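# Close look at the chain arrangement
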Amino acid sequence: MCPLGKMRLTIPCRAVTCTHLQCFDAALYLQMNEKKPTWICPVCDKKAAYESLILDGLFMEILNDCSDVDEIKFQEDGTWCPMRPKKEAMKVSSQPCTKIESSSVLSKPCSVTVANETSKKKVDVIDLTIESSSDEEEDPPAKRKCIFMSETQSSPTKGYFEFYEGPFEYNSTRCLELRHEILEVKVLSMVKQSELFDRWKSLQMCRWAMNISEANQFKSTLSRCCNAPSFLFTTQKNTPLGTKLKYEVDTSGIYHINQEIFRMFPKDMPYYRSQFKKCAVVGNGGILKNSRCGREINSADFVFRCNLPPISEKYTMDVGVKTDVVTVNPSIITERFHKLEKWRRPFYRVLQVYENASVLLPAFYNTRNTDVSIRVKYVLDDFESTQAVYYFHPQYLVNVSRYWLSLGVRAKRISTGLILATAALELCEEVHLFGFWAFPMNPSGLYITHHYYDNVKPRPGFHAMPSEIFNFLHLHSRGILRVHTGTCTCC
């Protein structure tokens, strides 16, 4: 029963910050706070802000399974069972009270008929959610419509509530307006950070859908400038024996592709255009902590990860475990594994966490990276590992950097996450980004750690992360890719 309306729950809701199981009815809660916005949980009297509200899937199942009872009992092992008390007939002035169906609570006004000796009078039910300090106040304004179920959904377990008027499908008028509010911000400096957050939070009320025409046009541009299906990795086809390969940064430096190095390259690119239906590119941002996005990440057809992030049991619920490609920054090998000049087993064991994932390194970024990156291949060969080792083609990295520079990303070096997201847009039909957020607080204004596993800040001035995220928000608004910054509800 809802503690607000004292009637059966219709939309079981609570805040993610609450520690109790009991829910309240979302529609009543929103109506109350529309008139007097206190945003206090009626169960625990703690803050329950609008952006922290969630629908409780467990209680939705319970409500569906127990349509004839209003109480359940939780067992010690976490299971539950219905409590079925003896039914007692309630009488008002010797007349039975008509049963009110729970499904009609929010769909039509209620009234109770009371019998007396001479006539029957209709008594209106008083709305206790209306705030009033005087009996002589003017009638309250009409309540806004609270749509809590999609027209295409028939089961409450798949429902969602929306506080704004109108539908919230991708192409609804309101969603077009919300996307325009983000797209009209051409550069990050045009708005305050808090205002950008507010616009982004509002857009979360809209379902995301891929805009096929926009996505195809963007992918066509990437094909012309970068061409990941042909040049993402160095291969025997795009880098023949004897090639004088120019480094990405040390442009004066040249690496001669000899027979030994040539054999390390795959004959051709192992992936082709739009090969995968749905891809997840997983960054390492603190926005992933407590996101519960692990299952959704694992459900992707192909998963990219950046720079050997931890995916142990401690983090699995938020980041998942599935990995198809993981990048390794040579600085990690230098600092954590002493350039692989001594004991190599610790590094090999770290890579085994990712099972059969391919390892991707920027061996030809500069001259310092080359020897360390090549040693990774030797280590895996020595331990007879089946994991493939690939190297970014330096010209691909140059082309990607130039492309994003044209879109306002000015940095000494673009991030590995941006490189992988760019490649994914060519290799995958649909791209989802997780763990990409470049601000010290989440969209709700709560401070978060820099990474989901630690709070170590990067070297200042090296990447332009806010600018990268700003571009991702634009791509999300255009339906080209999807950025996840909230709690996941997949699977």
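Just above, that's the structure.
Residues numbered from 1 in each chain as written. Predicted model: local features only at pLDDT ≥ 70, side-chain atom pairs only at ≥ 80, totals over all residues. Heavy atoms only, no water.

## Considering the packing of aromatic side chains
- Within the structure shown, the criterion is met by 25 aromatic pairs.
- Residues Phe218 and Trp404 carry aromatic rings whose centres are separated by 6.4 Å and whose planes lie at 50° to one another, so their mutual orientation is tilted. Note that Phe218 is positioned in helix 5 (residues 212-225) and Trp404 in helix 13 (residues 394-406), a separation of 186 residues in sequence. Comparing Phe218 with Trp404, the two get one shared label, buried.
- On the basis of an interplanar angle of 10° and a centroid distance of 4.6 Å, the ring pair of Phe233 and Tyr390 is categorised as stacked. (Phe/Tyr/Trp six-rings, centres within 6.5 Å; stacked < 30°, edge-to-face > 60°. Helix = DSSP H or I, 4+ residues; strand = E, 2+ residues; numbered from the N terminus. Buried < 20%, exposed > 50% of the residue type's maximum accessible area, 1.4 Å probe, protein only.)

## Here we look at a nonpolar patch on the surface
- On the surface, Leu21, Leu58 and Phe74 cluster together into a nonpolar patch covering about 240 Å² of accessible area.
- Relative to the elements of secondary structure, Leu58 occurs in helix 2 (residues 57-65). (Patch = residues over 30% accessible without salt bridge, like charges linked within 9 Å, V, L, I, M, F, W, Y side chains within 5 Å. Areas by Shrake-Rupley, 256 points an atom, 1.4 Å probe, with all protein chains shown as cover. Salt bridge = Lys/Arg side-chain N within 4 Å of Asp/Glu carboxyl O.)

## Some points on the state of the cysteines
- Under the criterion given, the structure shown has 4 disulfides.
- Through a disulfide, Cys175 is tied to Cys206; the S-S separation comes to 2.1 Å. Given an S-S torsion of about -105°, the disulfide between Cys175 and Cys206 has left-handed geometry. One end of the pair, Cys175, is in helix 3 (residues 173-183); the other, Cys206, is in the loop between helix 4 (193-203) and helix 5, and 31 residues separate them in sequence.
- Judged by its relative accessible area of 0%, Cys175 falls in the buried class.
- The exposure class assigned to Cys206 is buried, which follows from its relative accessible area of 12%.
- Across the disulfide, Cys279 is cross-linked to Cys428 (sulfur-sulfur distance 2.0 Å). (Disulfide = S-S within 2.5 Å.)

## Observations concerning the sheet that holds strand 2 (residues 24-25)
- With antiparallel pairing, the 3 strands of this open sheet are ordered in space as 2-1-3. The open sheet terminates on both sides in strands that have one partner only, identified here as strand 2 and strand 3 (53-55). (Pairing = 2+ DSSP bridges.)

## A closer look at helix 14 (residues 416-427)
- Between the first and last C-alpha of helix 14 there are 16 Å, a value that for 12 residues agrees with the 16 Å anticipated at 1.5 Å per step.
- Counting buried positions along helix 14 yields 12 of 12 residues, so the element is predominantly enclosed.
- Taken residue by residue, helix 14 has Thr416, Gly417, Leu418, Ile419, Leu420, Ala421, Thr422, Ala423, Ala424, Leu425, Glu426 and Leu427 as its buried positions. (Expected span 1.5 Å × (residues − 1).)

## Observations concerning the environment of Arg199
- Summarising the element assignment, Arg199 is placed in helix 4.
- For the pair Arg199 and Arg179, spaced 20 residues apart in sequence, the C-alpha to C-alpha distance is 8.5 Å.
- Here Arg199 is in contact with Glu181, Ile182, Glu184, Val185 and Val191, once residues within four sequence places are set aside.
- A polar atom in the side chain of Arg199 sits 2.3 Å from the backbone oxygen of Glu181. (Contact = heavy atoms within 4.5 Å. Polar contact = N/O pair within 3.5 Å; in protein donor to acceptor, adjacent residues only side chain to side chain.)

## Details of the pattern of salt bridges
- As enumerated under the stated definition, the model contains 14 salt bridges in all.
- We note a salt bridge from Arg199 to Glu184, for which the minimum N-O separation is 3.1 Å. Taken together, the positions of Arg199 in helix 4 and Glu184 in the loop between helix 3 and helix 4 put the pair 15 residues apart, joining distant regions of the chain.
- Across the pair Arg273 and Glu426 runs a salt bridge, and its minimum N-O distance is 2.8 Å. Remark: Glu426 occurs in helix 14 and Arg273 occurs in the loop between helix 7 (259-264) and strand 12 (276-282); sequence separation between them is 153 residues.
- Since its relative accessible area comes to 37%, Arg273 is described here as partly exposed.
- Members of the salt-bridge network, linked through shared partners, are Glu184, Glu195 and Arg199.

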